Amino acid sequence: MKTVYVDNNATTAIAPEVLEVMQPYFTSEYYNPSSMYSAARAPAHAIQVARETVARCLGGVNPLELMFTGSATESNNTALFGAVQANPARRHIITTAVEHPSVLEIGKELARRGYDVTFLPVDRNGELIVDDFVRALRSDTLIVSVMMANNETGVCYPVADLARIAKETDAGIVVHTDATQAVGKLPVDLKSALRHVDLLSFSGHKIHAPKGVGVLFVRQGTPWRPYLLGGHQEQGRRAGTENVPYIVGLAKACELAEAGVAEEQNRVRSLRDRLQATLEERIPALEINGKAAARRLPNTLNLAVHGIEGEAILYELSRHGICASSGSACTSGTLEPSHVLKAMQVPFTAIHGSVRISLSRYNDEADIERIIEVLPTVVAKLRKLSPYWDDKRNCLSI
Amino acid sequence: MPWDYSDKVLELFKAAVQGDAGTHMGELENPDGFGEYGSIACGDTLRFTFRVRRHPTDPARDVITVARYLTFGCTSAIAASEALCSLLEAQGKTPVEALKVTNQELVDFLGGLPEQKIHCSVMGAEALQRAVVDWARKRNYPIDGLLPDLAAENAQEGRIVCSCFSVTEPYLRRKIRELNLRTIAEITNALKAGGACGTCHHAPGGLQDLLNEIWGQPSGAPDEGAGAGVQPLSGAGRSSEHLERQVEAVLKNVISPLLRKEGGDIELIDIKGYKVYCRLTGQSGRCRSAPENVKLLVEQPLKEQVDVRLQVIAV
């Protein structure tokens with residue numbers, strides 16, 4: 001049985017093209033790029049070329065505005081703590097209630113350290129209310145950090161507009177965005193639409209590069225201090241010997257991702273839309289989280305099934321060779337369901353029954369067919385077991 | 001995170017979902033005992049029913065013959081429900097004997113449960129107890145002395161300690177003793193209490209206080225630190241009331257009528273110092289929402305008629 005991998009917002013398969021360009025830097029070109037002998041020029045040059053490639057993919061920024069990190073989580077930590085350190089007079093942070101934990105937890109930590117942190121709420125569609133953002137801006141606002149697209153629901157946020165409003169209010173506000181789910185799925189242009197963004201993070205493993213490599217963009221002139229000290233690498237802004245093969249792989253993946261945005265928007269979107277429509281037709285009492293949002297990532301489908309629990313759904317899908325994920329309490333390692341779905345006020349009868357299906361360019365019609373074949377049956381079987389499902393009338397019974 | 005379930009858990013879950021012969025999914029009509037524990041809001045529920053072979057004269061000698069469940073919950077909750085029914089049917093226990101079935105027996109039957117899933121077995125034991133109480137009521141059997149005061153707990157009497165999962169103080173006190181729970185983590189794993197926001201951990205009368213009271217002496221565990229403070233949204237930074245009134249007046253009396261002639265309007269979102277946040281709506285919103293148009297249509301008149309320092313920001 002072929003595995004149907006539809007958990008691409010969690011991680012992705014490494015593209016063969018990416019693996020290929022990485023190989024030499026594991027074997028023949030293993031030298032430390034900082035070394036003096038001529039053999040070290042090859043890896044040093046490879047990093048330079050990779051930086052130029054990524055810079056081009058982000059709208060033609062200055063390559064020196066980019067640093068390579070170990071993950072999007074590191075990029076987020078570096079971005080936010082670096083901005084906090086450089087702006088001691090300001091005490092207010094604005095972020096959202098639906099950020100990835102690598103931003104959300106920093107917000108909570110800064111609150112513990114005495115900062116005022118505004119966690120903007122979202123509405124039932126998962127969207128931010130821009131007026132709330134405007135009212136939250138203060139004279140001592142230090143950072144605005146809003147993700148480009150949500151990893152669970154795929155709902156996209158108007159980062160370009162929010163950044164402009166923040167900068168028109170006060171050029172001293174540092175604007176950060178976590179673009180981890182956006183790169184490769186949406187255009188990310190730091191020279192035009194996103195020209196007011198100061199800091200931008202993403203990682204390689206969501207775009208078919210390996211795990212363990214990320215990027216942080218720091219616009220020239222941004223008040224920001226390095227976080228990892230102890231080396232001259234990355235212009236002294238991120239110490240540590242460069243992970244050459246991964247950096248090379250990430251650049252290749254960026255190139256492929258940029259070229260693939262159109263495919264995401266067309267082929268992948270149509271796969272997702274067909275899956276969504278068919279499941280809506282075949283599964284009664286089904287919520288599509290984020291469906292009514294103005295913009296949603298083309299690859300993401302977040303379902304909430306009334307009356308059953310998401311972890312049990314995942315186990316059943318897994319037995320049929322389908323890899324998906326859930327925001328259910330039972331999969332989170334805590335006892336709480338997803339903070340994103342809670343912020344969206346998904347009904348309590350459905351919030352434990354969420355399933356996230358996230359596609360990539362490697363998914364095809366056959367994968368969608370298999371999910372359509374399996375998921376409605378799994379849901380029906382689990383609902384038979386549920387005290388909250390009336391099997392005779394085929395509806396929720398509380 | 002993939003849970004490390006035992007083979008037995010996975011086997012029971014699979015059989016239950018497939019409705020294999022010998023599994024116990026379902027709800028008996030007119031059962032001799034009915035018990036339900038949990039809630040959909042908290043993430044798991046077990047509805048448990050059983051039937052007995054009635055003894056002609058002595059209810060104490062009724063024997064449980066059929067047990068069924070409906071479960072809303074994860075893999076291990078469904079497996080634990082299967083375990084409960086299998087165990088009872090296999091052993092031919094009387095309801096009173098069944099009261100002695102502990103969650104540990106269910107855990108053992110399942111070949112172990114991950115620590116964070118222990119509450120699934122507790123749910124089984126609790127639903128069973130409630131069903132036995134129901135049986136006793138129906139059979140007019142005096143059971144009071146054998147049981148904690150479930151009626152009070154069912155009625156949710158007593159102070160709620162963990163509001164995320166609606167766990168009350170009487171229930172916590174009983175279970176902490178019954179299950180020999182010694183730490184907050186053990187309470188959370190077994191009962192879910194304290195597993196969400198965590199404010200009840202070290203609050204006055206919270207989980208740590210209950211543990212101290214029941215087992216004596218504080219454990220000396222360090223506090224986990226205060227929760228995140230959330231700043232309410234506010235229009236901080238406003239300066240001059242007078243300026244704001246002037247801006248509002250010009251927007252209302254000058255700019256809005258102009259826009260309305262063309263089928264649009266303007267909405268004032270906020271004023272912070274000399275910065276005016278507004279949104280063009282309707283016709284004007286569609287064709288003139290670009291920031292430069294807002295400057296032309298709104299900022300210029302405001303600068304001329306109110307204060308040259310004013311700046312308009314399009315939202």
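Residues numbered from 1 in each chain as written. Chains lettered and ligands numbered in written order. Predicted model: local features only at pLDDT ≥ 70, side-chain atom pairs only at ≥ 80, totals over all residues.

1. Details of the overall build of chain A
Working step 1: Counting its regular elements, chain A contains 12 helices and 14 strands.
Working step 2: Against the 2.2 N^0.38 benchmark of 21 Å for 398 residues, chain A shows a C-alpha radius of gyration of 22 Å, consistent with a compact globule.
Working step 3: Referenced to the eigenvectors of the C-alpha coordinate spread, the extents of chain A come out at roughly 75 × 55 × 35 Å.
Working step 4: Taking as baseline every contact in chain A between residues at least 6 positions apart, the subset at least 24 positions apart corresponds to 72%. (Helix = DSSP H or I, 4+ residues; strand = E, 2+ residues; numbered from the N terminus. Rg over C-alpha atoms; globule rule 2.2 N^0.38 Å. Contact = placed C-beta atoms within 7 Å.)

2. A short note on the overall build of chain B
Working step 1: Broken down by element type, chain B carries 12 helices and eight strands.
Working step 2: Look at the contacts in chain B between residues 6 or more apart in sequence, and 54% of them connect residues 24 or more apart.

3. Some words on the sheet that holds strand E12 (residues 354–358) of chain A
Strand pairing within a sheet occurs via backbone hydrogen bonds; the two strands may be parallel or antiparallel.
All names here are of chain A.
Working step 1: The three strands are arranged E9-E10-E12 in an open sheet whose pairing can be described as antiparallel. Each of the sheet's edge strands pairs with one partner strand only, and the pair in question is strand E9 (286–289) and E12. In this sheet, neighbouring strand axes are inclined to one another by 25° on average, regardless of whether the strands run parallel or antiparallel.
Working step 2: For strand E10 (residues 300–305) and E12, the ladder comprises five bridges, and the chain directions are antiparallel. (Pairing = 2+ DSSP bridges. Axes fitted to C-alpha atoms, helices over the stretch in contact; angles between N-to-C directions.)

4. Description of the packing of helix H2 (residues 41–57) of chain A against helix H8 (residues 244–282) of chain A
Residues and elements named next belong to chain A.
Working step 1: Contact geometry for H2 and H8: axes closest at 9 Å, N-to-C directions at 25°. Judged by the inter-axis angle, H2 sits roughly parallel to H8. Between H2 and H8 lies a crossing of left-handed hand. Residues Pro 43, Ala 46, Ile 47, Ala 50, Thr 53, Val 54 and Cys 57 of H2 lie in contact with H8, whose contacting residues are Val 244, Ile 247, Val 248, Leu 250, Ala 251, Cys 254, Glu 255 and Glu 258.
Working step 2: Of the residues in the contact of H2 with H8, the class split is 12 nonpolar, one polar and two charged. (Parallel < 35°, antiparallel > 145°, perpendicular 65-115°, else oblique. Left-handed = near helix turned anticlockwise from the far one by under 90°. Nonpolar A, V, L, I, M, F, W, Y, C, P; charged D, E, K, R; others polar.)

5. As for the interface of chain A and chain B
Working step 1: With 45 residues of chain A at the contact, the number on the chain B side is 40 residues.
Working step 2: Of all elements in the fold, only helix H4 (101–112), strand E4 (116–120), helix H5 (130–136), helix H6 (159–169), helix H9 (310–319), helix H10 (329–332) and helix H12 (365–385) of chain A reach the threshold of two or more residues within the side of chain A that touches chain B.
Working step 3: The greatest single-element share of the side of chain A that touches chain B, amounting to six residues, is contributed by H5 of chain A.

6. Regarding the environment of Asn 299 of chain A
All names here are of chain A.
Working step 1: In this structure, Asn 299 sits in the loop between E9 and E10.
Working step 2: You can call Asn 299 buried: it has 25 C-beta atoms within 10 Å.
Working step 3: Separated by 32 residues in the primary sequence, Asn 299 and Arg 267 have C-alpha atoms spaced 9.6 Å apart.
Working step 4: With near-sequence residues (within four places) excluded, Asn 299 lies in contact with Asn 8, Lys 185, Glu 264, Val 268, Arg 272, Ser 358, Leu 359 and Ser 360. (Buried ≥ 20, exposed ≤ 12 C-beta atoms within 10 Å, placed from the backbone.)

7. What to know about the pairing of strand E1 (residues 33–39) of chain B
Residue and element names in this part refer to chain B.
Working step 1: Pairing of E1 with strand E2 (residues 44–53) involves seven bridges; the strand directions are antiparallel. Bridging across to E2, Glu 36 finds its partner in Arg 47.
Working step 2: Between E1 and E2, which pair antiparallel in sequence order, lie four residues; one of them, Gly 43, sits at a positive phi of approximately 105°.

8. Concerning helix H10 (residues 241–261) of chain B
Residues and elements named next belong to chain B.
Working step 1: In a regular helix each residue adds 1.5 Å, so 21 residues correspond to 30 Å; H10 covers 30 Å between its end C-alpha atoms and thus fits that length.
Working step 2: Residue Ile 255 marks the point of greatest curvature in H10, where the axis turns by about 40°; the proline Pro 257 follows within four residues.
Working step 3: Inspection of H10 places Val 247, Leu 251, Ile 255 and Leu 259 among the buried residues, and these make up the whole buried set.
Working step 4: Residue Gly 263 follows H10 closely and has a positive phi angle near 85°. (Expected span 1.5 Å × (residues − 1). Bend = angle between axes of the 7 residues up to and from the residue.)

9. What about the confidence of the model for chain B?
Residue and element names in this part refer to chain B.
Working step 1: Averaged over all residues, the pLDDT of chain B is 84; the fraction at 70 or higher stands at 86%.
Working step 2: Note on residues 219–238: pLDDT under 50 across the span, and 32 contacts to partners over four residues away in sequence or across chains.
Working step 3: Across the assembled chains, the prediction reports ipTM 0.78 with pTM 0.81. (pLDDT = per-residue confidence, 0-100.)

10. Quick notes on the nonpolar core
Residues and elements named next belong to chain A.
Working step 1: Formed by 205 residues in total, the largest nonpolar core has its most connected members in Phe 217, Ile 247 and Ile 313.
Working step 2: For this core, the leading source of residues is H8, giving 13 residues.
Working step 3: When near neighbours in sequence (up to four residues on either side) are disregarded, Ile 247 contacts Ile 47, Ala 50, Phe 68, Val 213 and Glu 242. (Core = buried A, V, L, I, M, F, W, Y, C linked by C-beta atoms within 7 Å.)

11. Focus on the domain arrangement of chain A
All names here are of chain A.
Working step 1: Considered domain by domain, chain A is made up of domain 1 (4–9 + 261–396) and domain 2 (16–257).
Working step 2: For domain 1 versus domain 2, the separation of C-alpha centres amounts to 29 Å.
Working step 3: Opposite the 23 residues of domain 1 that make contact, domain 2 presents 21 residues.
Working step 4: Where the side of domain 1 that touches domain 2 is concerned, the elements lending two or more residues are H8, E10 and helix H11 (339–343).
Working step 5: The residue inventory of the side of domain 1 that touches domain 2, partitioned by class, reads nine nonpolar, 10 polar and four charged. (Domains from an automatic or database assignment.)

12. Concerning the sheet that holds E4 of chain A
Residues and elements named next belong to chain A.
Working step 1: Across the sheet, which stays open at both edges, the seven strands sit in the order E2-E8-E7-E6-E5-E3-E4 with mixed pairing between neighbours. On the outer flanks of this sheet lie strand E2 (66–69) and E4, each paired with one strand and no other. Put simply, the sheet's adjacent strands are angled 20° from each other on average, direction ignored.
Working step 2: Two strands pair when backbone bridges link them, and strand E3 (residues 92–96) and strand E5 (residues 141–145) are joined in this way by three bridges, in the parallel orientation. By the bridge assignment, Ile 93 is partnered in E5 with Ile 143.
Working step 3: Together, E5 and strand E6 (174–178) form the strand contacts of H6, whose direction differs from that of E6 by roughly 165°.

13. Describing the domain arrangement of chain B
Working step 1: Partitioning chain B into structural domains gives domain 1 (1–140), domain 2 (148–218) and domain 3 (241–314).
Working step 2: Between domain 1 of chain B and domain 2 of chain B, the contact holds nine residues from the first and six residues from the second.

14. Examining the packing of helix H1 (residues 7–18) of chain B against helix H2 (residues 75–91) of chain B
Residue and element names in this part refer to chain B.
Working step 1: It is the contact of H1 with H2, at a shortest axis distance of 8 Å, that shows an interaxial angle of 85°. By the angle between their directions, the pair H1 and H2 is classed as roughly perpendicular. The segment H1 lies against H2, with Val 9, Leu 12, Phe 13 and Ala 16 engaging Thr 75, Ser 76, Ile 78, Ala 79, Glu 82 and Ala 83.
Working step 2: Looking at the contact of H1 with H2 residue by residue, the classes come out as seven nonpolar, two polar and one charged.

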